[in-house]
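Here's the letter readout for the chains.
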Amino acid sequence: MEQYQIKTKLQETFIVQPNDLGIAGLTHIYKSLTKLLKTAPFIYLIPLAFLLVLAIYFIFGVYLVRLVSQLQHGF
Amino acid sequence: MDFKNWLLDFISSLVIIFRRYLSLVFTPYKTMRKISLEEDWLQVYIVAGFITLYFYVRSFWIKLPFAPWLYILLFILDFAFTVVFFYLIGFILNKQTSWNSLIFTLSYSLYPTITWFLANSIFYILIPPPRTFSLLGRAFSIFFLTFSLSLLFWKIILVYLAIRFSTKLNFFSILYLILLYLLFFIPLLYAMYLFGFTLIPFI
């Protein structure tokens with residue numbers, strides 16, 4: 001039973017081949033970035049989203065408030 | 001006895017669905033990989049059931065120009081178009097593309113969409129729009145957009161993983177596939193907006 005579970009897990013791990021982007025440096029960046037996003041991505045996503053929204057707020061100002069009003073009507 | 005079995009299957013599928021919601025938040029990669037090997041169709045039906053329920057409940061909250069079943073039909077067509085598109089192009093590029101896997105993974109990738117729509121419905125009741133330019137209005141706008149953008153990022157990750165595990169393609173092929181999909185999908189969304197089916201583009 002235990003062996004079956006380990007085998008299943010290993011099979012799962014090998015269902016896709018590792019990504020190769022063609023250029024070693026690019027593949028390295030890709031792997032470093034995706035490593036962060038594979039577990040608990042929200043630790044990075046929420047601060048990133050917050051910083052982006054702040055940047056949008058400083059660039060577009062009140063348009064951001066109008067955008068939210070539009071989005072709130074959109075459900 | 002049959003009903004008992006069915007009930008047990010239903011409850012277990014329901015538990016898996018709720019557990020996977022959390023798993024997709026904390027370990028999206030591993031969870032999506034597991035989902036791509038899933039064979040329990042009841043899970044897909046339950047997710048579809050939640051969406052149908054949402055459309056009906058929403059029609060009680062706000063006055064909509066069309067009957068709820070029309071939105072459900074549009075949603076099903078939209079989902080079917082997405083699955084068929086990724087299957088056909090994915091199959092041309094890689095014969096290992098799995099139809100079942102695409103349906104399961106893309107169904108689960110609807111979680112951020114469902115979360116956003118549900119949260120937005122609650123915000124609509126608690127803090128109805130339009131937002132004002134006061135300090136509180138601006139603060140809420142920043143919070144709301146941060147929340148929405150985080151969910152959009154989550155959605156992008158889940159869709160990417162769904163296509164990756166279902167088609168077994170590499171990063172660039174998936175990127176081109178998604179760009180090609182958007183090329184078809186954006187005009188479709190715009191048409192839906194023009195006909196009054198949706199006020200915002202949703203994926």
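Residues numbered from 1 in each chain as written. Chains lettered and ligands numbered in written order. Predicted model: local features only at pLDDT ≥ 70, side-chain atom pairs only at ≥ 80, totals over all residues.

This paragraph deals with the overall build of chain B. On a plain count of helices and strands, chain B comes out with eight helices and zero strands. Over its C-alpha trace chain B gives a radius of gyration of 18 Å, about what one expects of a compact globule, namely 17 Å for 203 residues. Structurally, chain B occupies a C-alpha span of about 55 × 50 × 35 Å along its principal axes. With 203 residues in all, chain B has 23% of them scored as buried. (Helix = DSSP H or I, 4+ residues; strand = E, 2+ residues; numbered from the N terminus. Rg over C-alpha atoms; globule rule 2.2 N^0.38 Å. Buried ≥ 20, exposed ≤ 12 C-beta atoms within 10 Å, placed from the backbone.)

Turning next to the nonpolar core. Counting residues in each nonpolar core, the largest one holds 30 residues, and the members touching the most others are A:Val68, B:Met32, B:Tyr108, B:Leu158, B:Leu161 and B:Ala162. Broken down by secondary-structure element, the contributors of at least two residues to this core are helix H3 (42–60) and helix H4 (63–72) of chain A together with helix H2 (28–35), helix H5 (99–108) and helix H7 (135–167) of chain B. Here the element with the most residues in this core is H7(B); it accounts for eleven residues. Once you skip the residues sitting within four places of it in the chain, A:Val68 turns out to touch B:Arg131, B:Ser141, B:Phe144 and B:Leu145. (Core = buried A, V, L, I, M, F, W, Y, C linked by C-beta atoms within 7 Å. Contact = placed C-beta atoms within 7 Å.)

Let us now look at unusual backbone geometry. Even without being a glycine, A:Ala40 presents a positive backbone phi close to 45 degrees. Take A:Ala40: it is sitting in the loop between helix H2 (24–38) and H3. Residue B:Lys168 is not a glycine yet carries a positive backbone phi of 60 degrees. Its location among the elements puts B:Lys168 in the loop between H7 and helix H8 (171–194). Judged by the 20 C-beta atoms lying within 10 Å of it, B:Lys168 falls in the buried class.

This part takes up the interface of chain B and chain A. On the chain A side, the residues contacting the 40 residues of chain B number 31 residues. Broken down by secondary-structure element, the contributors of at least two residues to the side of chain B that touches chain A are helix H1 (2–26), H2, helix H6 (111–126), H7 and H8 of chain B. Among the elements that make up the side of chain B that touches chain A, the one with the highest residue count is H7(B) (15 residues). Along the lines of polarity and charge, the residues of the side of chain B that touches chain A split into 23 nonpolar, ten polar and seven charged. (Nonpolar A, V, L, I, M, F, W, Y, C, P; charged D, E, K, R; others polar.)

The next thing to look at is the environment of A:Leu45. Topologically, A:Leu45 is positioned in helix H3. Setting aside chain neighbours within four positions, we find A:Leu45 in contact with B:Ser150, B:Phe153 and B:Trp154.

One frequently used descriptor of interface size is the decrease in accessible area upon assembly of the parts. Looking at the assigned domains, one finds that chain A contains domain 1 (1–39) and domain 2 (40–75). Using C-alpha coordinates to define each centre, domain 1 of chain A is positioned 32 Å away from domain 2 of chain A. (Domains from an automatic or database assignment.)

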